[in-house]
Amino acid sequence: MSLTTDLDADLRDSAAAFLLAVADDDFVWGHRLSEWVALGPTMEEDNTLAAMSQDEFGHARLFYEYVADHVGSDLDHLALNRRAEERRNTTLVEADHADFADTVAINYCYDEAERLLLSAVADGNVEELSARAAQARSEEPFHREHADRWLDRLVATDEGRERLTRALSDALPRAADYFAFEDAATAELVDTGVLATAPADLRPEWIEAVSERLVEFPLEDALDAAAGEPALNGRAGEHTDELDAMLDGLHPEGHVGDHPIQDYQRADAR
Amino acid sequence: MADASEGERLTPYEAERGHQDVYEVFVQWQRGKPHEHAETVNASDPDMALTLAKRNIDLRSDPVDIWVAPRRAMRRVSPEDPSLRPSTDRSYRQTAWYAEHRIEVEE
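All of the points below concern the structure found in this document. (Residues numbered from 1 in each chain as written. Chains lettered and ligands numbered in written order. Predicted model: local features only at pLDDT ≥ 70, side-chain atom pairs only at ≥ 80, totals over all residues. Heavy atoms only, no water.)

**Structural notes on the overall build of chain B**
Along its length, chain B carries 2 helices and 3 strands. Listing every helix and strand of chain B by position from the N terminus yields β-β-α-β-α. Within the span of chain B, comprising 107 residues, buried residues form 24% of the whole. A separation threshold of at least 6 residues defines the contact pool for chain B, and within that pool the share at least 24 residues apart is 48%. (Helix = DSSP H or I, 4+ residues; strand = E, 2+ residues; numbered from the N terminus. Buried < 20%, exposed > 50% of the residue type's maximum accessible area, 1.4 Å probe, protein only. Contact = heavy atoms within 4.5 Å.)

**Re the packing of aromatic side chains**
Residue and element names in this part refer to chain A. Counted under the stated rule, the structure contains 10 aromatic pairs over all chains. Each ring, one from Phe100 and one from Trp150, has its centre 5.1 Å from the other, and the planes form 85°; the classification is edge-to-face. Of this pair, Phe100 sits in helix 5 (residues 100-122) while Trp150 sits in helix 7 (residues 140-153), and the two are 50 residues apart along the sequence. Of the residues examined, Phe100 reaches a relative accessible area of 11% and is grouped as buried. Taken together, the ring pairs connect Trp29, Tyr110, Tyr178, Phe179 and Trp206 into an aromatic cluster. Above the face of the Tyr178 ring, Arg235 is positioned so that its terminal group lies 4.7 Å from the ring centre. (Phe/Tyr/Trp six-rings, centres within 6.5 Å; stacked < 30°, edge-to-face > 60°. Lys NZ or Arg CZ within 6 Å of the ring centre and 35° of its normal.)

Right, here's the structure in full:
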């Protein structure tokens, strides 16, 4: 099926709204990874996080491009100028973090979820979208490998285990909104085959995979929270102040010159 | 290179805190060509070294294969090693020597 000729306008709007959330996930997570540049635990890890950040920005670009074409916007505006309340990313990826264990915990939780969601798009029947999702998915195995390596190594010392357990306890409840897309909109996409599976139906699979992988950690409460109602639903535009701070950080005050990011309105100026 | 962790969970790495080894990274850039030394990475163990090496080389050049080896497991010669320099002229061992020292044979 082709998006432009076979889908009606309402459905294209729903597809664009869905992909905007996927793109926001990648953009925000890519930015958080980039914050490690020059601060990584080792030079090798610094380079690796920067490379993963670039992967995420590349994936964000794939989906923002489609959305920009559809809504008549451009990449800079979609990626840089939208304020926190306009964003649809999961609150999992927006958290500020100074502990490397947070990065490992979020990377793992996010990657396990994104793999499922991208498969739902890649196995859908709209070629323009499934090809983009398959392309993004093909780079994810490395991110998973990176997460697995560190999950297995940070537990080598008591301190590492404690800090990783704390980081996972924080990350898991915030992942509760990952699959929490508006049911009516996604049902329409599933009925027409744009998505092979409804995001809500992928959630049990994610919970099972995460519970199995993290079985050695005392995370019962955090896993319950991850399976429950989200405290904040990023898919509905609910976000923490940390996202405002991150976006404001992209737009320093006193910015001079003609640049597309000038259209942004800082949170502290609103 | 086969990944030792494939299909099975690694046991937690039991090294002293902060222990790192130096690993030499060799990359094969083209099928059929030799692996070339590309860089050095610090890592806790060989699997981590390979993971880090993968994102510390130029992926845009489409590498075919990567090897990592701990430097402490490698042996090298010193540039001053006398065994690298033959003590006598051995050019006669090469066929070119005979072309340069052609002996005219009279009939």
